[in-house]
2 protein chains.
Amino acid sequence: MRIVQRNGPDARRKLFLGSFVHCKALDELEYLHNAAVAVDKEGTIVAVERECDEVRARETVLPRLGWGEDEVEVVKAREGQFFFPGFIDTHLHASQYPNVGIFGKSTLLDWLNTYTFPLEASLADPARARQVYARVIRKTLSHGTTCAAYYATIDVPSTNLLADLCLAAGQRALVGRVCMDQLSPDYYRDATPESSLAYTRASIAHIRTIDPSLSLIRPIITPRFAPSCSLPLLRQLGALAQETRLPIQTHISENPSEIALVQQLFPPSATGAPDNSYASVYDAAGLLTERTILAHAVHLTDAEADLVAARGAKISHCPCSNSALASGAARVRWLLDRGIVCGLGTDMSGGFSPSVLEAARHAVLVSRHVSFTTAGGNSEREKLSVEEVLFLATRGGAEVVGLEGRVGKFEVGMEWDAQLVGLGVVGEDGGVGGEDEGGNVDVFGWESWPDRVAKWVYNGDDRNTKRVWVRGRLVHERR
Amino acid sequence: MRIVQRNGPDARRKLFLGSFVHCKALDELEYLHNAAVAVDKEGTIVAVERECDEVRARETVLPRLGWGEDEVEVVKAREGQFFFPGFIDTHLHASQYPNVGIFGKSTLLDWLNTYTFPLEASLADPARARQVYARVIRKTLSHGTTCAAYYATIDVPSTNLLADLCLAAGQRALVGRVCMDQLSPDYYRDATPESSLAYTRASIAHIRTIDPSLSLIRPIITPRFAPSCSLPLLRQLGALAQETRLPIQTHISENPSEIALVQQLFPPSATGAPDNSYASVYDAAGLLTERTILAHAVHLTDAEADLVAARGAKISHCPCSNSALASGAARVRWLLDRGIVCGLGTDMSGGFSPSVLEAARHAVLVSRHVSFTTAGGNSEREKLSVEEVLFLATRGGAEVVGLEGRVGKFEVGMEWDAQLVGLGVVGEDGGVGGEDEGGNVDVFGWESWPDRVAKWVYNGDDRNTKRVWVRGRLVHERR
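Residues numbered from 1 in each chain as written. Chains lettered and ligands numbered in written order. Predicted model: local features only at pLDDT ≥ 70, side-chain atom pairs only at ≥ 80, totals over all residues. Heavy atoms only, no water.

Looking at an unreviewed UniProt entry, chain A carries the name Probable guanine deaminase, with the source organism given as Parachaetomium inaequale. In its Function (unreviewed entry) section, the UniProt record describing chain A reads: "Catalyzes the hydrolytic deamination of guanine, producing xanthine and ammonia." Quoted verbatim from the Cofactor (unreviewed entry) field of the UniProt record, the comment on chain A reads "Zn(2+)". (UniProt positions renumbered as here; feature names shortened; annotations may be inferred.)

Take a look at the structure:
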């Protein structure tokens, strides 16, 4: 087995043939079999045809598009394989990747000081930053993550390097320089709100230089979380977001001690907010917008959820992290019922896994733990289905990062951010051709398509993600 | 990459060299570096030497053992690799393997009728049984499971086939024909308690034929669970266990509806028990013994836990299953605090994963969910550590299946049931040699050994299990 990740442009027209699966609605997958999807040189889907094999596609679709027979690369899913939209990781710290799985029994605040800040600070070393960032991009692409909302560090050159590396690898990314000017170690914080702003502007300027249309890489304003930002910094970042119309990412209501700290640090007398809730602090600083990604939201009050919904801010649900750091169990159904848009985040290295598919799996499982403590013990309503978590992983995530008009489903006008998924087929003797080919997903042959998708969600890993494309460009391949 | 699983005897003396990690106590791992372990032709460890490289081993250990230089196969762990005891899966249904990951939103009782009974019944077809059982043995071996406590089906020939296949593959196994004579579909149940007993005896007799000393394969008396067994059947199985001194496996207290059903089916007036608790029903039938494996134990009462402890029965904790089927969150610390021995079970296909390592990971995570509802919100005490779940996966499991004197740690007199674990090493450019070699475990080089083990527990999969031995025999290899 070789893994190939390609650099450089790949501007051929493409015709994808076979089975396509994507989310039609929150709780409904659509299965298109024997279908054809045509993608132009810019990576945009220009045709989606049902009941269309290669012969028919050549006879009808290509002429209609005015494409010559030889001007198109044909990519066929094998029997049992399917194309699925690329995953969107709405929250992860690229800089923390080397620490995945290392927690001890810590919770958020001691984990930051013990494990996280020293590692992040060490990435001011360019060689180390290059090693770590190259690895995390390669790793997440291999798991089908076509778009990631990254936190880097406070360091501008290495944050810019992360943006450069994403662009080169072809991964769609939101890249944020981390802003933090208080309650952080001397060796790792911004000296003043003004310097934090200046460095943030420098990083934004760099990304505008390397990708002027911000079509693949986008800067994102990143106050780490309220406790590590002074009120002047929060306000200046709110003003910057207003000025630039750029997206914002931060954390909210992850852990009870953190929430108590926020309430203590930001009294209404200082913020001018009507109360000292976590959401109100951000709102008073102009940071609660429809372009804001709030990670976690485990312990929001009713009033906070209403405020988040009113402002149109989005939530990144990070179940692996919330369980591993013992933060709590986020009530996703309760958020969705309020009309709040939710996506999934790996939150490495609060989360341990680079895989959005694993985050989806844990979203299913954690929702069952939520059900144990709701409505007297086993509330059916709290449970998220396989279909629902796949929606969060694709279309939900797209809306969280502001790309709902461009990626997340297979429709004309959308861009081809996709993965080809293959499962293992068990032979009569109990063997699987190539053995590792299907990873831990074993199909015996009698399963329905929904069963196969469920098997993938429960046991799939990067071995099942055979190829990955972003804007029509092949960015990862296993062969 | 090729996967090789060897059949046939492998009776060479072996000398293992390198790093060895095993559980010294519930919360403590022991790391032996630059060590040597000698294993004789019968698979028994005859020497464990610290600070001993190959030269020293040849100069001192081999002469002391009276082994000639050429009579020994040398197996070296590479730098960063380590030998770890094989995992013990204390609860899984081999017959349900094709259904892993297929649940819908069902819970225990409807899941049995919708998904499980039809599949189990279908394995009366010998070809299908061979395919499924060959696959599950191969799959669990590849995840480092050196010993498994299997439920087969009610069918004797295919249950015997499972035993045959385990013996041929070299996997240590407890194999149980499932007993069930009520509240099950007409197409899949024992006609009478007497026929259930006769079939069980037939299966026991077969295993005594193929492995007379029961050194690798052992029969296990398997009343499915109380609701599917009549009181006469439970009592006759209790008597059979008393007569044969064989182990027993069944389920207990998995799901609230199941518990209510047991209370309704088995009133004290019928059982003669002091109450109608689930544990009392088994106790009254003579099934609660120190050789009994009770799967789940999610909702035990204090009195039931005390009874289980008094009888010396063991618990198989199955966190993946309990979360997926929304059964609940078992309080493992609470069980351990009562002196109850616990191991881990994948419980396929109530559980979705073939991996005991994944069960260990979920045991960590579920213990955090238990902590959320204990002692006002975040009880440190409930949390299981990486070290503790590895204990459950090896030494705990060994005690659960009655093999604590033979496997689970690296000491003279124990048998060599072990796996060689390898992690990925990230190069300066962010690549990993061979790419898939380390699976999802990336080591950057600065991690401590406990950090490396934690990374393995959180992100490891079968790609990290390079070789597996049972009683000194190589039974699985990736290369």
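Asker: Give a detailed account of the overall build of chain A, specifying residues and quantitative values.
Answerer: Helix and strand counts for chain A come out as 15 helices and 21 strands. In terms of overall dimensions, chain A is globule-like: its C-alpha atoms have a radius of gyration of 22 Å, near the 23 Å expected for 479 residues. Projected onto the principal axes, the alpha-carbon positions of chain A cover approximately 70 × 55 × 40 Å. Within chain A, the fraction of its 479 residues that count as buried is 66%. With the model as given, the accessible surface of chain A reaches about 15,000 Å², and the carbon-plus-sulfur share is 49%. (Helix = DSSP H or I, 4+ residues; strand = E, 2+ residues; numbered from the N terminus. Rg over C-alpha atoms; globule rule 2.2 N^0.38 Å. Buried < 20%, exposed > 50% of the residue type's maximum accessible area, 1.4 Å probe, protein only. Areas by Shrake-Rupley, 256 points an atom, 1.4 Å probe, with all protein chains shown as cover.)

Asker: So, the pattern of salt bridges: which residues are in play, and what are the values?
Answerer: With the rule as written, the count across this model stands at 60 salt bridges over all chains. For B:R463, the salt bridge identified is with A:D461, shortest N-O distance 3.7 Å. On the criterion of chain membership, the pair formed by B:R463 in the loop between helix 15 (449-459) and strand 20 (465-470) and A:D461 in the loop between helix 15 (449-459) and strand 20 (465-470) is interchain, its members lying in two chains. Here B:R463 matches A:D461 in class, with each residue buried. (Salt bridge = Lys/Arg side-chain N within 4 Å of Asp/Glu carboxyl O.)

Asker: An account of the side chain of A:Q171 is requested, with residue identities and associated values reported.
Answerer: Residue placement: A:Q171 occurs in the loop between helix 4 (156-169) and strand 9 (172-176). Looking at A:Q171, its side chain comes within polar contact range of the main-chain oxygen of A:T145, at 3.0 Å. (Polar contact = N/O pair within 3.5 Å; in protein donor to acceptor, adjacent residues only side chain to side chain.)

Asker: Give a detailed account of empty space enclosed by the protein, specifying residues and quantitative values.
Answerer: Going through the model one piece at a time under the given rule, you end up with 13 cavities of 30 Å³ or more. In this structure, the largest cavity spans a volume of roughly 250 Å³. Lining the largest cavity are 22 residues, with A:E358, A:R361, A:D461, B:E358 and B:R361 positioned closest to its centre. When residues of the lining of the largest cavity are traced back to their parent elements, those giving at least two are helix 13 (356-372) and helix 15 of chain A together with helix 13 (356-372) and helix 15 of chain B. Residues that form the lining of the largest cavity fall into these classes: four nonpolar, 12 polar and six charged. Reported here for the second largest cavity is a volume of approximately 100 Å³. Lining the second largest cavity are A:H91, A:H93, A:Q96, A:L108, A:W111, A:L112, A:R224, A:F225, A:H251, A:E254, A:H296 and A:D347. If one sorts the elements of the lining of the second largest cavity by residue count, helix 2 (residues 108-122) of chain A sits on top with three residues. (1 Å grid on protein atoms, 1.4 Å probe; cavity = no way out; pocket = protein on both sides within 12 Å on 5 of 7 lines; lining within 4 Å. Points joined across faces, edges and corners; volume = space filled by probe spheres on them. Nonpolar A, V, L, I, M, F, W, Y, C, P; charged D, E, K, R; others polar.)

Asker: Please give an account of the pairing of strand 20 of chain A that cites residues and values.
Answerer: Residue and element names in this part refer to chain A. Burial analysis of strand 20 places five of its six residues in the buried class, the great majority of the element. Pairing geometry for strand 17 (residues 418-421) and strand 20, over four bridges, is antiparallel. When the sheet's bridge partners are listed, L420 is paired in strand 20 with R467. For strand 20 and strand 21 (residues 473-478), the ladder comprises four bridges, and the chain directions are antiparallel. By the bridge assignment, R467 is partnered in strand 21 with E477. What sits between the antiparallel neighbours strand 20 and strand 21 is a turn of two residues, in which R471 has the positive phi angle 50°. (Pairing = 2+ DSSP bridges.)

Asker: So what's going on with the relation of the copies chain B and chain A? Which residues, and what values?
Answerer: Once turned by 180° and shifted 0.0 Å along the axis, chain B lies on chain A with an RMSD of 0.0 Å. Both chain copies can therefore be described as sitting about a two-fold axis. Comparing interface residues between copies, 100% of those in chain B also sit at the interface in chain A, which points to an isologous, same-surface contact. (Least-squares fit on C-alpha atoms with pLDDT ≥ 70 in both. Contact = heavy atoms within 4.5 Å.)

Asker: I'd like to hear about the state of the cysteines, residue by residue, with values.
Answerer: All names here are of chain B. Taken as a whole and assessed by the stated rule, the structure comprises zero disulfides over all chains. Cysteine C318 shares no disulfide, and the gap to the nearest cysteine sulfur, in C320, comes to 9.0 Å. Given a relative accessible area of 0%, C318 falls into the buried group. (Disulfide = S-S within 2.5 Å.)

Asker: Tell me about the nonpolar core, and name the residues and values.
Answerer: Formed by 235 residues in total, the largest nonpolar core has its most connected members in A:L390, B:L390 and B:W456. Those residues in contact with A:L390, other than ones at most four positions away along the chain, are A:C23, A:L29, A:F84, A:F87, A:L357, A:V453, A:W456 and A:V457. (Core = buried A, V, L, I, M, F, W, Y, C linked by side-chain atoms within 4.5 Å.)

Asker: Which residues make up the domain arrangement of chain A, and what values do they have?
Answerer: Residues and elements named next belong to chain A. Its domain assignment divides chain A into domain 1 (3-85 + 409-478) and domain 2 (87-400). Domain 1 and domain 2 are separated by 30 Å when their C-alpha centres are compared. Each partner contributes residues to the interface: domain 1 has 35 residues there, and domain 2 has 27 residues. Three residues, L26, V457 and Y458, lead the burial of domain 1 against domain 2; their summed loss comes to 25% of the area buried on that side. Taken together, the connections running from domain 1 to domain 2 amount to two salt bridges. Measuring nitrogen to oxygen at the nearest pair gives 2.7 Å for the salt bridge that ties R172 to E415. Inspection of the domain 1/domain 2 interface yields nine residue pairs in polar contact (both at pLDDT 80 or more). Secondary structure elements with two or more residues in the side of domain 1 that touches domain 2: strand 2 (13-25), strand 3 (28-39), strand 6 (82-85), strand 17, helix 15, strand 20 and strand 21. Element by element, the count of residues in the side of domain 1 that touches domain 2 is highest for helix 15, at six residues. Partitioning the side of domain 1 that touches domain 2 into residue classes produces 16 nonpolar, eight polar and 11 charged. (Domains from an automatic or database assignment. Buried area = accessible area lost by both parts, 1.4 Å probe.)

Asker: Describe the interface of chain B and chain A, listing the residues and the values that go with them.
Answerer: Between chain B and chain A, the contact holds 70 residues from the first and 70 residues from the second. Summed over both sides, the interface of chain B with chain A buries roughly 5,700 Å², with 52% coming from carbon and sulfur. Between chain B and chain A we count six salt bridges in total. B:D462 is the partner of A:R463 in a salt bridge, and the nearest nitrogen-oxygen pair spans 2.8 Å. Counting every contact that joins chain B to chain A gives 28 residue pairs in polar contact (both at pLDDT 80 or more). For the side of chain B that touches chain A, the elements supplying multiple residues, two or more each, are helix 3 (126-142), helix 11 (319-324), helix 13 and helix 15 of chain B.

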